[in-house]
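# Structural description and commentary
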Amino acid sequence: MVADPRPILQAMTDVRPAHAYPPPSAPPIDLAGIAAVADFEAPARERLHPAAWAYYEGGGWDGLTIRDNLEAWRHWRFRPRVLVDVSGVDPATTLLGVPVSMPVGIAPAALHGLAHEDGELATTRAATAAGVATVVSTVASRTIEDVADASGDGLRWFQLYVQRDRALSRDFVQRAEAAGYRALVLTVDLPVLGYRDDVIRLAFDPGYQAYGNLAGRAALEGAHLDDLLDMRSAGLTWDGLAEIASWSAMPLVLKGILTAEDARLAVEHGAAAVWVSNHGGRQLDRSPAAIDVLEAVVEAVAGRAEVYLDGGVRRGTDVVTALALGARAVFMARPLLYALACAGEAGVARALAILHEETTRALALLGAARPADVRREHVTRVSSGR
């Protein structure tokens, strides 16, 4: 039985208005000095409200997994091939048959409005201009429809947290399909929240009106964060996937897979793609780094579905490493939230441009003209990341 966190939270917090954590008001940073996506982190921390920073940056329990997500990449080395024609390198690929400019997308993350007043509108505009996919969270700051309008003809997917109220979940999915979202990303690794020391200490609770798809619902008037979390379904099982898939014609992506066993079950239950993820280290601490289990998941899927990954991706070299181990694409969230906090849409655009350039150069230096040219023999694992 899961302990109810409500007494802890209610003992430490007052009712907060939706604007309790205002987005940064400082002028945008000078993007000319940004050479890597990690460069956004320090100025973002200076700009974000302390509670917003803790919510974005923090991990579950002792933060072992969030650290492993970054460190695990250091255990891989390239085996570059030379005298390969790389005069026309192109990192473009497809996701579920739809062209994208590179094998990098924006992972779902809650409450972009804590980073910038335009929230997900700014993020998705930058993604559309860059030609990459955006996955929009159920608990975004802006509504499904508003993000779609901002996205224009860009590739957007909808991430679903299944609620106890299945009618509410079905409504979200059908609204997303009507608004032109192209896939349904079902998060399967969050029956309850992980234990977050930082969230408890700071009594993080932006108020239900901060969530675009929940704002205005009379039944939630005065709701606290813990009330909203209680709406989630902890009873979802593999047997329930057919019902969720029946709500729309969108292909189903299962996000939060870390084992070969679950990868096989995902494919058997009709998943078009399997997303390797430990939820950014935010939930069950001591879960493995995603890159460490990617190869096992790819082998279990055996080409029957696409495989994606998130967790600690910071460089184009990370992108290419994941390709070599069988991923179709990688996704990231935190660095792009920090870019959003630093310079809004322009910041996200700069981060995506850096990743495109890094990925293109990494491909060329590896001896691969296209993502499809990257093979398992292009990487080797070393015992130490130093």
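Use the structure listed above.
Let me sum up the structure you'll find in this document.

Rules and cut-offs
- Residues numbered from 1 in each chain as written.
- Predicted model: local features only at pLDDT ≥ 70, side-chain atom pairs only at ≥ 80, totals over all residues.
- Heavy atoms only, no water.
- Helix = DSSP H or I, 4+ residues; strand = E, 2+ residues; numbered from the N terminus.
- Buried < 20%, exposed > 50% of the residue type's maximum accessible area, 1.4 Å probe, protein only.
- Core = buried A, V, L, I, M, F, W, Y, C linked by side-chain atoms within 4.5 Å.
- Contact = heavy atoms within 4.5 Å.
- Salt bridge = Lys/Arg side-chain N within 4 Å of Asp/Glu carboxyl O.

### Side note on unusual backbone geometry
At L111, a position not held by glycine, the phi torsion is positive, near 55°. Relative to the helices and strands, L111 is located in the loop between strand 4 (104-106) and helix 5 (120-130). Judged by its relative accessible area of 1%, L111 falls in the buried class. Here the phi dihedral of R286 falls at roughly 75°; this positive angle occurs in a residue that is not glycine. Locating R286 in the fold gives a position in the loop between strand 9 (273-276) and helix 12 (290-301). Given the relative accessible area of 66%, R286 is considered exposed.

### Points about the nonpolar core
Counting 126 residues, the largest nonpolar core has L160, Y181 and I291 as the members making the most contacts within it. Leave out the neighbours within four places in its chain, and I291 touches A72, W73, W76, L309, A322 and L325.

### Some remarks on the pattern of salt bridges
Counted according to the given criterion, the structure contains 15 salt bridges. The closest approach of N and O atoms between D292 and R381, which form a salt bridge, is 3.3 Å. You can see D292 sitting in helix 12 and its partner R381 sitting in strand 12 (residues 379-381), a full 89 residues away along the chain. You can call D292 partly exposed: its relative accessible area is 39%.

### Observations concerning the environment of L366
Secondary-structure assignment places L366 in helix 14 (residues 334-366). Of the residues examined, L366 reaches a relative accessible area of 3% and is grouped as buried. Taking C-alpha positions, L366 is 7.6 Å from V82, a pair spaced 284 residues apart along the chain. Discounting chain neighbours no more than four positions away, the residues touching L366 are F78, R79, P80, R81, V320, V374 and H378.

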